[in-house]
Amino acid sequence: MLNPQQLAAVEHCDSPLLVLAGAGSGKTSVITQKIAYLIARRKLSASKIAAITFTNKAAKEMRERVGKLVSSEDAAALTVCTFHALGLKFLQIEHARAGLRRGFSVLDADDSEGIVKELAPKGAKPDVLFGIRNLLSRAKNGGLSPEEALAAARSPRELEAATIYDMYQQRLAAFNAVDFDDLIRLPLRILESDADCRDAWHERLRYLLVDEYQDTNDAQYRLLKVLAGERGGITCVGDDDQSIYAWRGANPENIDQLGHDWPSLRVIKLEQNYRCGKRILRAANQLIANNPHLHEKKLWSEHPEGAPIRVLECKEAEHEAERVAALATTLAEKHKARWHDIAILYRGNFQARPLEKALRLARIPYHLTGALSFLDRAEVKDLLCYLRLLTNPSDDAAFLRVVNVPKREIGAVTLEKLGQIAQSRHSSLLDATRSDSVLRQLTPRPAAALASFSDLLDELRSASLHESAADLVELILKRTGYAAQIAASTTDASVRERKLGNLKELADWFRAMQKGGNSAGDLASQLALLSHADRDEPGNAVRMMTLHSAKGLEFRFVFIVGCEDGTLPHEGAIDEGRIDEERRLMYVGITRAKELLTLSWSARTKRYGEVHANQPSRFLHELPQADLHWQGKDPEADKEAVRETAESHMAKIAAMLAGN
DNA sequence: GCATCTACAAGTATC
DNA sequence: TTGTAGATGC
């Protein structure tokens, strides 16, 4: 069942292990089999093993697969979760060491962005704000505390950002809250500085298995290092060729860092691919050979050669979409493909638009992955904030979000005043509304509204002690008037239905999670870490997604659209010389295909209303030409595109002249 | 407090 | 060109 390299990776437990696992080489099998091996052969207690992933989806899949290999007791005792969920678990146990009280909140990205905005100088331009958030996040991902960031500041801008960082953390402390970055930074800080705590966790977690290791950032790496300790009970599985998140802080150099920090590191390569046809693999290998490599890796496959890779040359994005839709229909009719065997991948979300149109027209069911995040929906966020506020009355961010949702005639002026009063008496906003002396400082009407709001929360809080989380959601909807507000909203029926549907889905989620015996408060924290990707995929529909979100997936038939210079590789990446990561992105896309790969490009692109002439992606020229089958090559196409670009400029000039 | 208008920006996205 | 965020007016 396992090949010799996979077996070696499973059985090597006595020093740290790095598994360089090519695309489709069965890395999840190695991780899950190794967990089973550690339990059965090495007699390690399941509760002392942690498998760490980047997404909840990957964690869920791993949990399911390992569940088939070990007993249900062992499966329940295992820790299989994301980096952030592990950090959350750590902080829930060690909250006192982090200066947090039980029931602390996890702020989402919007909340923390809002706080930064408040703390930044009034009227700061968006790019300044962006810069501050960037520096702040860099400091946090570097594991720096506000004091360290202040000491390390080298320029006035850095000093300003560090000062804001300091105030930001004070604000979070007052809220009894952490943000996403803190879920890594705080455990890291505690483990690095507190030997007793470190020893306890070394005892608690004896073996770590890390998925998608190339995606770790510096703080995550340090967390792994301190958790694994000198003993080095750790297996990291990753692929430098699939490193596509450097722009998000991932540091692929962490792959080499392992060998420096643990000289006894063993490296095993998995090079047999179990997914793609030979031709597809040859194309992928030849493409990625254009990137520099520290660890040479050559994937091979026992699968059949497969059909040539088609390259569709199209006039424009609409034409491209129509051809893709037509070919998808052919696949379904002639090759008995199910719709969900087909994926259409692209560089940017905006490219989905013409595709959607063409698929609708062709009556092909499709599903957009990751378009709108479920948890970003206003109604879902509102409900979660109610739960946060019930568990953590200090959570001012949650208070501000829901205090006037539904409308309670509590406006900005009232809240401004309340905020000043709360600040002067060092209490949370909700606490302040409970004090008569505070309410007397406000005008009677808003004061009464605030008082009844806090009464309502008290009522819900006492209900939360005995209601299940799912019932609590229903109760909140009813008692706050939220459900009534949706029902009465002037918007059309489909919007109302969608909102109620989302809230029902939220309640269903709670019901499912409740089985783990979690309290409502725990559920609320965990939900902050969930994302849209965790929802079940819809049935038989063509999958449309970005190349980034396709990583880890596989499909029988794959289309990669927009293979043009400027789109893939992206223009900004070309300008800044970041071609290698774009090439890896193409590599990820190609290696998603099991049987048939179709690449397409358009001679013209409409960009921000202007027509541009395109060149086919340089990556197309890097592929083995003998394996490509160019379709619709029209030597006139380029000339035509250039002519039309010129025409569109002429038309613009004419319009300007006419305007004058 | 809400609706409407205007100006601006335009990559990828996890937790 | 399109979407969204912020400002402005009622």
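First things first, this report covers the structure right here in the doc. (Residues numbered from 1 in each chain as written. Chains lettered and ligands numbered in written order. Predicted model: local features only at pLDDT ≥ 70, side-chain atom pairs only at ≥ 80, totals over all residues. Heavy atoms only, no water.)

**Some details on the overall build of chain A**
Scanning chain A from terminus to terminus reveals 31 helices and 19 strands. Counting only residues that meet the buried cut, chain A has 52% of its 660 residues in that class. In chain A, the share of contacts with a sequence separation of at least 24, taken over all contacts with a separation of at least 6, comes to 78%. Looking at chain A as shown, the accessible area adds up to about 30300 Å², and 53% of this sits on carbon and sulfur atoms. (Helix = DSSP H or I, 4+ residues; strand = E, 2+ residues; numbered from the N terminus. Buried < 20%, exposed > 50% of the residue type's maximum accessible area, 1.4 Å probe, protein only. Contact = heavy atoms within 4.5 Å. Areas by Shrake-Rupley, 256 points an atom, 1.4 Å probe, with all protein chains shown as cover.)

**Section: the nonpolar core**
A general trend in soluble globular proteins is that nonpolar side chains are found buried together. Phe 399, Leu 418 and Phe 510 are the most contacted members of the largest nonpolar core, which has 46 residues in total. The leading source of residues in this core is helix H17 (residues 378–391), at eight residues. Excluding anything up to four places from it in sequence, Phe 399 contacts Leu 389, Leu 415, Leu 418, Leu 429, Leu 430, Thr 433, Leu 450 and Phe 453. With 41 residues, the next largest nonpolar core counts Leu 18, Leu 86, Leu 91 and Leu 224 among its residues. (Core = buried A, V, L, I, M, F, W, Y, C linked by side-chain atoms within 4.5 Å.)

**Considering the sheet that holds strand S13 (residues 366–368)**
With parallel pairing, the seven strands of this open sheet are ordered in space as S13-S14-S12-S15-S16-S11-S19. Each of the sheet's edge strands pairs with one partner strand only, and the pair in question is S13 and strand S19 (628–631). The average undirected angle you get between the axes of adjacent strands in this sheet is 20°. Inspection of the sheet shows strand S15 (residues 555–560) paired to strand S16 (residues 593–602) by five bridges, in the parallel sense. Within S16, the residue paired with Phe 557 across the bridge is Leu 596. Of the strands in this sheet, strand S11 (309–314), strand S12 (342–346), S15, S16 and S19 are in contact with helix H15 (residues 317–334), which crosses S11 at around 145°. (Pairing = 2+ DSSP bridges. Axes fitted to C-alpha atoms, helices over the stretch in contact; angles between N-to-C directions.)

**Section: the protein's contact with DNA strand C**
Taken together, Lys 117, Arg 353, Tyr 608 and Gly 609 are the residues near DNA strand C. By atom count, sugar and phosphate contribute 56% of the portion of DNA strand C lying within 4 Å of the protein. One nitrogen or oxygen atom from the side chain of Lys 117 is found 2.8 Å from a phosphate oxygen belonging to DNA strand C. Between DNA strand C and Arg 353 there is a distance of 3.0 Å, counted from a phosphate oxygen to a side-chain nitrogen or oxygen. Partitioned by chemical class, the residues of the surface near DNA strand C number one nonpolar, one polar and two charged. (Near = heavy atom within 4 Å. Polar contact = N/O pair within 3.5 Å; in protein donor to acceptor, adjacent residues only side chain to side chain. Nonpolar A, V, L, I, M, F, W, Y, C, P; charged D, E, K, R; others polar.)

**Topic: the side chain of Arg 185**
Structurally, the position occupied by Arg 185 is in helix H10 (residues 182–193). Look at Arg 185 and you get buried, because its relative accessible area is 4%. A distance of 3.1 Å separates polar atoms of two side chains, one belonging to Arg 185 and the other to Asp 182. Excluding its chain neighbours within four sequence positions, the residues that come into contact with Arg 185 are Lys 140, Gly 143, Leu 144, Ser 145, Pro 146, Tyr 165 and Gln 169.

**Points about the pairing of strand S7 (residues 234–238)**
Where burial is concerned, most of S7 is hidden: five out of the five residues are buried. Side chains of S7 alternate between two faces, with Ile 234, Cys 236 and Gly 238 and Thr 235 and Val 237 buried alike. Summarising the sheet, strand S1 (residues 17–21) and S7 pair through four bridges and their orientation is parallel. Across the sheet, Leu 18 pairs through a bridge with Cys 236, a residue of S7. Of the strand pairs in this sheet, strand S6 (residues 207–210) and S7 are connected by three bridges, and their pairing is parallel. Following the sheet pairing, Leu 208 is matched in S7 by Ile 234.

**Structural notes on unusual backbone geometry**
Following Leu 568, the chain continues into Pro 569 via a peptide bond in cis, with omega recorded as 5°. Take Pro 569: it is sitting in the loop between S15 and helix H28 (571–575). Unusually for a residue other than glycine, His 426 sits at a positive phi of about 50°. With respect to the secondary-structure elements, His 426 resides in the loop between helix H19 (412–424) and helix H20 (429–433). Of the residues examined, His 426 reaches a relative accessible area of 76% and is grouped as exposed.

**Looking at H19**
Taking 1.5 Å of rise per residue, 13 residues should cover 18 Å, and H19 covers 18 Å from first to last C-alpha, within 8% of that figure. Inspection of H19 places Thr 414, Leu 415, Leu 418, Ile 421 and Ala 422 among the buried residues, and these make up the whole buried set. Looking straight down H19, one finds that the buried residues subtend no more than 125° of arc, so they occupy a single side. For H19, exposure combined with an orientation more than 90 degrees from the buried face picks out Ala 412, Val 413, Glu 416, Gln 423 and Ser 424. Buried residues along H19 sit in contact with helix H18 (396–402), H20, helix H21 (436–440) and helix H22 (444–464). Positioned one or two residues after H19, His 426 has a phi angle of 50°, which is positive. (Expected span 1.5 Å × (residues − 1). Arc of directions from axis to C-beta.)

**Here we look at the sheet that holds S6**
Spatial ordering of the open sheet is given by S3-S2-S6-S7-S1-S8, a layout of six strands whose pairing is parallel. The open sheet terminates on both sides in strands that have one partner only, identified here as strand S3 (79–82) and strand S8 (266–270). Across the sheet, the mean angle from the axis of one strand to that of its neighbour is 15°, orientation sign disregarded. Where strand S2 (residues 49–53) meets S6, four bridges bridge the pair, whose relative direction is parallel. When the bridges of S6 are listed, Ile 49 appears paired with Tyr 207. Along the sheet, helix H12 (residues 218–228) makes contact with S2, S6 and S7, crossing S6 at roughly 155°.

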